[in-house]
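# Chain and residue survey
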Amino acid sequence: MQQSQYKHTTEIVTKIRQILGNFPGYRALHADGRFYEGTFRANENAKKYSRAIHLQGDEIPVTVRFSKGGGDPFAHFSATVGMATRFYLPDGRVTNLVMLSQQLFVANTVEQFLELLEAGSPVTPGGPVNKAGLEQFLAANPNSMQVFKMRAASPAPVSFAHTVFNSVHAFLFTNAKDEVTPVRCHWQPVAGVQGQPVENLSQEQTDILFQELDTRLTQTAVAFDLVLELAAPEDPLNDATALWPADREHVTIGRLTLTAPIDEAVLKDKVMNHDPTALTDGIEPTDDPILQIRRGVYEVSAAQRTGGWKN
């Protein structure tokens, strides 16, 4: 059963800012990001799985926000980066596809996520992360422990253009025959996958990956293939901490091509809230509680950084 998309959202955002820092005017997570424009075109495979309007083969305008993973916009890049894609649909609406360079999330229920945030909250306001509390939490929550270990072992990007991005959550794709296929989505870089030790990024300028992509786009377009990972009947659809077996079928259904940076002023939308549950017919959310809660968390963060309806 779907949970409320607004359960504990203000509390979650408050605790995230207590741990990662409170930077007014910025997102609580993925605080530092830049926008890029391009197009997406689905191939013939896409129609087999979804009747979504942007997956029928027409060229669809898109914007992408690449971002750092943390809450400090002035920090160095880490191993986690984000890719939030907005599709501008022919009927005037938009839909989002939000992905991470990591494969999994750190909790699989709202309650577990809150417990994690509470465990890591500074003992004194403005102090460091409570490492002892975090270690105690992880010892009692092996699913979260495994995700933290996976993230600690993952390489850092050398370029957004050489990074795989993952939807983390499962979605339900429905075609014109009302056939439903549970999937996870991935952006596979056409230029190939490369990585580096995360320590290398600490020696670079804090905007190094943005600089690299801006320079790259003056010479060539950057492309990603949209790949669906098809679930088997036994695969969990509501657990963002669980990988599916590596032998699951993968199907490429389209290509995203980015051509240039785009200024936020040109977009004329200072909020640009990339809610991953802002979907269109042919793609539905699962009952994954972490996926469901993201709408409320994103709205609270957006209201805080923009002044909400008052602005």
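Coordinates for the structure precede this section.
Read on for an overview of the structure. (Residues numbered from 1 in each chain as written. Predicted model: local features only at pLDDT ≥ 70, side-chain atom pairs only at ≥ 80, totals over all residues. Heavy atoms only, no water.)

## A closer look at the overall build of the chain
Spelled out, the test is: A run of H or I in DSSP becomes a helix once it reaches four residues, and a run of E becomes a strand once it reaches two; helices and strands are each numbered from the N terminus. Throughout, radius of gyration means the C-alpha value; the globule benchmark is 2.2 Å times the number of residues raised to the power 0.38. Only protein chains enter the accessibility calculation, which uses a 1.4 Å probe. A residue is then buried if its area is under 20% of the maximum for its type, exposed if over 50%, and partly exposed in between.
Scanning the chain from terminus to terminus reveals nine helices and twelve strands. Over its C-alpha trace the chain gives a radius of gyration of 19 Å, about what one expects of a compact globule, namely 19 Å for 311 residues. A principal-axis box enclosing the C-alpha atoms of the chain has dimensions of 55 × 45 × 45 Å. Looking at the chain residue by residue over its 311 residues, the buried ones come to 51%.

## So, empty space enclosed by the protein
Convention followed: A cavity here means a set of points on a 1 Å grid, drawn over the protein atoms and nothing else, where a 1.4 Å probe fits but cannot get out; a pocket is an open set with protein on both sides within 12 Å along at least five of seven lines, and a residue lines either one if it has an atom within 4 Å of a point. Grid points are joined across faces, edges and corners, and a volume is the space filled by probe spheres set on the points. In this count, Pro and Cys sit with the nonpolar residues alongside Ala, Val, Leu, Ile, Met, Phe, Trp and Tyr, while Asp, Glu, Lys and Arg are called charged and the others, Gly among them, polar.
Taken as a whole and judged by the stated rule, the model has one cavity of 30 Å³ or more. When its volume is computed, the largest cavity comes out at roughly 130 Å³. His54, Asn96, Leu97, Phe173 and Ile283 are, among the 14 residues lining the largest cavity, the residues nearest its centre. For the lining of the largest cavity, the secondary-structure elements that each account for two or more residues are strand 4 (94-100) and strand 7 (171-174). Classifying every residue of the lining of the largest cavity by side-chain character gives eleven nonpolar, three polar and no charged.

## Remarks on helix 1 (residues 9-20)
To keep things clear, this is the line we draw: What a helix should span is 1.5 Å times the count of its residues minus one. Note on contacts: a residue pair qualifies if any of its non-hydrogen atoms lie within 4.5 Å across the two residues.
With twelve residues, helix 1 ought to run about 16 Å at 1.5 Å a step, and its terminal C-alpha atoms sit 16 Å apart, in line with that. Of the positions making up helix 1, those classed as buried are Thr9, Ile12, Val13, Lys15, Ile16, Arg17 and Ile19. The elements touched by buried residues of helix 1 are helix 3 (110-120) and helix 9 (289-306). Just downstream of helix 1 lies Gly21, where phi reads positive at about 110°.

## So, the packing of aromatic side chains
The following threshold applies: Think of it this way: a Phe, Tyr or Trp ring, Trp meaning its six-membered ring, pairs with another when their centres are within 6.5 Å, and the plane angle makes it stacked under 30 degrees, edge-to-face over 60, tilted otherwise. Working rule: Lys NZ or Arg CZ, within 6 Å of ring centre, within 35 degrees of ring normal, means a charge sits over the ring.
Under the counting rule described, the total for this entry stands at 13 aromatic pairs. Consider the rings of Phe66 and Phe160, whose centres lie 4.5 Å apart with planes at 25°: the pair is stacked. Here Phe66, found in strand 2 (residues 59-68), pairs with Phe160, found in the loop between strand 5 (156-157) and strand 6 (165-166); they are 94 residues apart in sequence, far enough to count as distant. Here Lys68 stacks its cationic end above the ring of Phe77, 5.3 Å away from the centre of that ring.

## What about the side chain of Asn166?
Where we set the bar: We define a polar contact as two N or O atoms separated by no more than 3.5 Å, with the added condition that, inside protein, one atom must be a possible hydrogen donor and the other a possible acceptor, whereas residues neighbouring each other in sequence contribute only through side-chain atom pairs.
Examined against the element boundaries, Asn166 turns out to sit in strand 6. A distance of 3.5 Å separates a polar side-chain atom of Asn166 from the backbone oxygen of Ser101.

## Concerning the pattern of salt bridges
Under the convention used in this document: Whenever Lys or Arg places a side-chain nitrogen within 4 Å of a carboxyl oxygen from Asp or Glu, that contact is recorded as a salt bridge.
Applying the stated criterion to the full structure yields 16 salt bridges. A salt bridge links Lys15 to Glu118; its shortest N-O distance comes to 2.4 Å. Highlighted residues: Lys15 in helix 1 and Glu118 in helix 3, separated in sequence by 103 residues. Across the pair Arg248 and Asp247 runs a salt bridge, and its minimum N-O distance is 3.1 Å. Take Arg248: its relative accessible area is 13%, and that puts it in the buried class.

## Some remarks on the layout of surface pockets
Counted as a void, the second largest pocket has a volume near 450 Å³. Along the lines of polarity and charge, the residues of the lining of the second largest pocket split into eleven nonpolar, eleven polar and two charged.

## So, the packing of helix 3 against helix 4 (residues 131-140)
We apply this condition: Lines fitted to the C-alpha atoms define the axes, with helices restricted to the stretch that makes contact. Angles between their N-to-C directions range from 0 to 180 degrees. Small angles under 35 degrees read as roughly parallel and large ones over 145 as roughly antiparallel, with 65 to 115 read as roughly perpendicular and the rest as oblique.
The contact between helix 3 and helix 4 brings their axes to 8 Å, and the two run at 150°. In terms of axis orientation, helix 3 runs roughly antiparallel to helix 4. Contact residues: Gln112, Glu115, Leu116 and Ala119 in helix 3; Gly133, Leu134 and Phe137 in helix 4. Here the contact of helix 3 with helix 4 is composed, by residue class, of four nonpolar, two polar and one charged.

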